[in-house]
Each structure stands twice: as structure tokens, then as C-alpha cells.
Amino acid sequence: LMAVVDTDLTAGVEVGRIVLGVLPPHGPEETFEFDVAGARAPERPWTLAVEWKGRPLGQVRFTATAWLGAEEVVATRTETDFVREESREVELFLARACVAKDCDEGETCRRGECENVNVIAEDLPRWTGPPVVDGGRDAAAADGDAPADAADGSVDAPADVAADVGDAAGPLQRSCEGTGAAGC
């Protein structure tokens, strides 16, 4: 699954950072933070690849939240399943039209409309962007600059950072595109 996070909020005025939470099957939630207002803000959209390598496949919850200082501006979430041997795109658009919009239990605001948080994985569009190949932190620069070439011969997309995270059921591979992604 490829989470694609974007917004129509004005960086530095309506949003300062975006936090993306990923709750995989059989594992703890992990969060990734994108500073979207600083001088080193990564280009939009922001992406996060999540590949389940364990058994069984299961549901993943993605939550994207826009923050301005300590104030939550808007959030959206999607719960979906993995599709074996396929990469699907999970759009998490933080819409100005969703600010202060209340949705019912089990719903989330997507582009101004309240919709069910559950999305059938086969209904998600196929990911057509570049593949994520690297599975190690060796490509990450310690100071947050664009990563250097991987020492292990793996392929990194530009400004891509990848890491493997494991649990008892198997590893969850994640990669964060964008130099401002904390937690990668």
C-alpha cells in the first residue's frame, strides 16, 4: 500500500506539520511527521510505502493529521486491507473543506464529504509511481538531508528513506519519501 498525503491548506499559515499514523495488522501504530512549513519542507505530495511481508494479510489504518503549532487543524483516516502481490494507493487528502466538519462514528471527512473509513482494497487505484525497493536505513542521512546512495546495492527513489520494522508475525516494510519525514 502506498499512502499519498496532500492538502489544500496553506503551509505556514493553516498547517505547519502533518503527522501520519500507520497501524498495521499485528503491530503497534507508528507515526511519521512531515514539517511542511519550514525551509526544508519536502515537496508534495508526501508518500509512505507499507508492505506487509508476514502472514496473514490484514487491515491497515492510516490517519493523517494537519497541525498548526499545538492545534489540530484537520484529520482524515482510511482503513483498508492489503492485496496480495499488488501495490494500491491510499489517498489521505487533508481538505480545507473538512476543517471543523463532524462526521458520524465510523466515518471520516474526505474532500468535504463524510464517508465510511473502511475502503475495499480492490477499489483503491493501483500505485503507478516508482517502486520502493530498499528495505534498510542505510540510505538515510543522519541530519535529514536527501539520502546518500545505498551501500547495499539497493535502489532508492530520490529523497526516499526506507526501513524494516518487524514483529512476531513478520516485518512491516516502510519507506518515507521526503527529506522532512521524522521517524524513518
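Being a predicted model, the structure only gives us computed values, none of them experimental.

1. Observations concerning the overall build of the protein chain
No. 1: Scanning the protein chain for helices and strands turns up 0 helices and 12 strands.
No. 2: Tracing the protein chain from N to C terminus, the helices and strands come up as β-β-β-β-β-β-β-β-β-β-β-β.
No. 3: Counting only residues that meet the buried cut, the protein chain has 42% of its 184 residues in that class.
No. 4: Taking the contacts inside the protein chain whose residues are at least 6 apart along the sequence as the reference set, 60% of them involve residues at least 24 apart.
No. 5: Total accessible area computed for the protein chain in this model is approximately 9300 Å², and 48% of it derives from carbon and sulfur atoms.

2. Examining the state of the cysteines
No. 1: What the rule picks out here adds up to 2 disulfides.
No. 2: The residue that forms a disulfide with Cys103 is Cys114, at a sulfur-sulfur distance of 2.1 Å. Its torsion about the S-S bond being -80 degrees, the disulfide of Cys103 and Cys114 is classed as left-handed. Of this pair, Cys103 sits in the loop between β7 (89-94) and β8 (107-110) while Cys114 is found in strand β9 (residues 113-116), placing the two residues 11 residues apart along the sequence.
No. 3: Residue Cys103 is classed as partly exposed on the basis of its relative accessible area, which comes to 26%.

3. Thoughts on the environment of Leu9
No. 1: Among the secondary structure elements, Leu9 is positioned in the loop between β1 (2-7) and β2 (17-23).
No. 2: Separated by 90 residues in the primary sequence, Leu9 and Val99 place their C-alpha atoms 9.8 Å from one another.
No. 3: Here Leu9 is in contact with Glu14, Val15, Ala66, Val73, Val74, Leu94, Arg96 and Val99, once residues within four sequence places are set aside.

4. Examining the pattern of salt bridges
No. 1: Considering all chains together, one arrives at 9 salt bridges under this definition.
No. 2: For Glu33, the salt bridge goes to Arg17, with nearest N and O atoms at 3.6 Å. Remark: Arg17 occurs in strand β2 and Glu33 occurs in strand β3 (residues 30-35); sequence separation between them is 16 residues.
No. 3: A relative accessible area of 35% places Glu33 in the partly exposed class.
No. 4: The residue Glu79 makes a salt bridge to Arg77 at a minimum N-O spacing of 3.8 Å.

5. Considerations on the packing of aromatic side chains
No. 1: Taken as a whole and assessed by the stated rule, the structure comprises 1 aromatic pair.
No. 2: Between the aromatic rings of Phe34 and Trp46, the centroid separation amounts to 6.3 Å while the plane-to-plane angle is 35 degrees, which identifies the pairing as tilted. Of this pair, Phe34 sits in strand β3 while Trp46 sits in strand β4 (residues 46-52), placing them 12 residues apart in sequence.
No. 3: Judged by relative accessible area, Phe34 falls into the buried class, the value being 0%.
No. 4: Using a relative accessible area of 2% as the deciding quantity, one classes Trp46 as buried.

6. A closer look at the side chain of Thr108
No. 1: Relative to the helices and strands, Thr108 resides in strand β8.
No. 2: Reaching out from Thr108, the side chain makes a polar contact with the side chain of Thr76 at a distance of 3.4 Å.
No. 3: The contact partners of Thr108, leaving out residues within four places of it in the chain, are Ala75, Thr76, Arg77, Cys103, Glu113, Cys114, Glu115 and Val117.

7. Remarks on the pairing of β4
No. 1: For β4, a buried count of 6 out of 7 residues is recorded, marking the element as mostly surrounded by other parts of the structure.
No. 2: In terms of strand pairing, β1 meets β4 through 4 bridges, oriented antiparallel. From the neighbouring strand, Val5 faces β4, where its bridge partner is Trp46.

How each quantity is defined
Residues numbered from 1 in each chain as written. Predicted model: local features only at pLDDT ≥ 70, side-chain atom pairs only at ≥ 80, totals over all residues. Heavy atoms only, no water. Helix = DSSP H or I, 4+ residues; strand = E, 2+ residues; numbered from the N terminus. Buried < 20%, exposed > 50% of the residue type's maximum accessible area, 1.4 Å probe, protein only. Contact = heavy atoms within 4.5 Å. Areas by Shrake-Rupley, 256 points an atom, 1.4 Å probe, with all protein chains shown as cover. Disulfide = S-S within 2.5 Å. Salt bridge = Lys/Arg side-chain N within 4 Å of Asp/Glu carboxyl O. Phe/Tyr/Trp six-rings, centres within 6.5 Å; stacked < 30°, edge-to-face > 60°. Polar contact = N/O pair within 3.5 Å; in protein donor to acceptor, adjacent residues only side chain to side chain. Pairing = 2+ DSSP bridges.

Fair warning: the whole summary comes from geometry, so function is off the table for now.
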